Amino acid sequence: MGSFVKEETSSLMTEFLEKCGGYAVVDGGFATELQRHGADINDPLWSAKCLITSPHLVTKVHLDYLESGANIIITASYQATIQGFVAKGLSVGEAENLLRRSVEITYEAREIFYNRCTKGSWDFTYAGKASRRPILVAASVGSYGAYLADGSEYSGIYGDSVSKETLKDFHRRRVQILANSGADLIAFETIPNKLEAEAYADLLEEENINIPAWFSFTSKDGVTVPRGDSVVECTKVADSCTKVVAIGINCTAPRYIHDVIISLRQVTRKPIVVYPNSGEIYDGLNKKWIKSEGESEEDFVSYVSKWRDAGASLFGGCCRTTPNTIRAIAKVLSGESPATSKPKFWQ
Ligand SMILES: [Zn+2]
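Residues numbered from 1 in each chain as written. Predicted model: local features only at pLDDT ≥ 70, side-chain atom pairs only at ≥ 80, totals over all residues. Heavy atoms only, no water.

Engineer: Which parts of the structure should I look at to understand the nonpolar core?
Structural biologist: Most often, soluble globular proteins have nonpolar side chains that are buried together. Counting residues in each nonpolar core, the largest one holds 107 residues, and the members touching the most others are Met13, Phe188, Trp214 and Phe215. Among the elements that make up this core, the one with the highest residue count is helix 6 (residues 92–119) (nine residues). Beyond its immediate chain neighbours, meaning those up to four positions away, phenylalanine 215 contacts Phe188, Ile191, Ala197, Tyr200, Ala201, Leu204, Ala238, Val244, Ala246, Ile247 and Gly248. (Core = buried A, V, L, I, M, F, W, Y, C linked by side-chain atoms within 4.5 Å. Buried < 20%, exposed > 50% of the residue type's maximum accessible area, 1.4 Å probe, protein only. Helix = DSSP H or I, 4+ residues; strand = E, 2+ residues; numbered from the N terminus. Contact = heavy atoms within 4.5 Å.)

Below is the structure:
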């Protein structure tokens, strides 16, 4: 790959953040939002099931997040894998088309949103000074554990028989397809162990993936990822990969985010992305969210300016957050006067 392409990749996020005024709004929980609208996603494909059964609902949820102020919308491909679709009886070709479709649906939603804004039928809230709000499409890649749908998504334990090569072979074709689908970046989400981060970093380099990526880890204590590797060690893997343009944490309780940002800031100058869940705890085996004491949506939103001050640049929500959460985040970020809030650029 020529150095020109490399530079383009590394500057994408910095330029985008500048266009957004220093900070960007990521969308909120996707699968749980489909569910809130009545989708039955109790299935090994989880949210990706809707790509087959109810694509109109996928479009609706993307539009709801755009209307709430999101600058980055994440595709419904989190649990969309060729292996998972084939297990449902689809051909490899059909599975690959569904992956492409997940991205098409997202940029179609962006076009619908822009057209509505142009026609003035919607209030263009939080658009800033730009006539068109900067919006990126991030193609979601969930972990191998998410595909297994056996709870290992939240333990990061795949067993000794699963090597880095196994993980690379598992993810390779999906990553290639998503990289050539028209998406602006790949969002590797909810990464539960260091091995999978290494596999992603290798794939990005070895396959000459021509769009940038973010790596977002998950944590149950703010210090380690579920498998037990430290978040800092995982961040170093992401930091040393030239294709990675942001690093962060998602689907983690809001109360841990501040300290994680502080730790990440010690080992990377890349922009930090945070999109915590609602603070409820997911019981992967029973596929249920369990309420946790004393963490409300108000707490979540009140943390946003602290996370910004600690050094994060991209803010959104994960499971069980809703367009309301995102609207509130957008409000916090747009309500800052330039005098009190200087955008931080670390690269
Ligand atoms: Zn989540």
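Now that the structure has been shown, the text picks up again.
Engineer: Can you help me understand the pairing of strand 5 (residues 213–217) in this one?
Structural biologist: Each regular strand shows side chains that alternate between the opposite faces of the sheet. Burial analysis of strand 5 places five of its five residues in the buried class, which makes it a mostly covered element. The alternating pattern of strand 5 places Ala213, Phe215 and Phe217 on one face and Trp214 and Ser216 on the opposite face, and all of these are buried. Of the strand pairs in this sheet, strand 4 (residues 185–191) and strand 5 are connected by four bridges, and their pairing is parallel. From the neighbouring strand, phenylalanine 188 faces strand 5, where its bridge partner is phenylalanine 215. The pairing of strand 5 with strand 6 (residues 244–250) spans five bridges and is parallel. Across the sheet, the residue bridging to phenylalanine 217 is isoleucine 249, located in strand 6. Since strand 5 and strand 6 lie parallel, the crossover through helix 10 (residues 231–239) that links them has a hand, and here it is right-handed. (Pairing = 2+ DSSP bridges. Right-handed = clockwise from strand over helix to strand, strands pointing away.)

Engineer: Honestly, the coordination of the zinc ion in this entry has me stumped. Any pointers?
Structural biologist: Reference values for angles at a metal are 109.5 degrees in the four-donor tetrahedral case and 90 or 180 degrees in the six-donor octahedral case. Within the protein, the atoms that donate to the zinc ion are Cys251 (SG), Cys318 (SG) and Cys319 (SG), at distances of 2.2 to 2.3 Å. Here the donor residues for the zinc ion map to a single chain with the spacing C-x66-C-C. Residue cysteine 251 is located in the loop between strand 6 and helix 11 (254–267), and its partner cysteine 318 is located in the loop between strand 10 (314–315) and helix 13 (323–334); the two are separated by 67 residues in the primary sequence. (Donors = N, O, S within 2.8 Å, 3.2 Å for Na, K, Ca; no water.)

Engineer: Help me understand helix 10 in this model?
Structural biologist: Two residues of an α-helix separated by three or four positions point the same way, owing to the 3.6 residues in each turn. Taken residue by residue, helix 10 has Val231, Cys234, Thr235, Val237 and Ala238 as its buried positions. Across the axial projection of helix 10, the buried residues extend over an arc of 155°, all falling on one side. Residues of helix 10 that are buried in the fold lie against helix 9 (194–206), strand 5, strand 6 and helix 11. (Arc of directions from axis to C-beta.)

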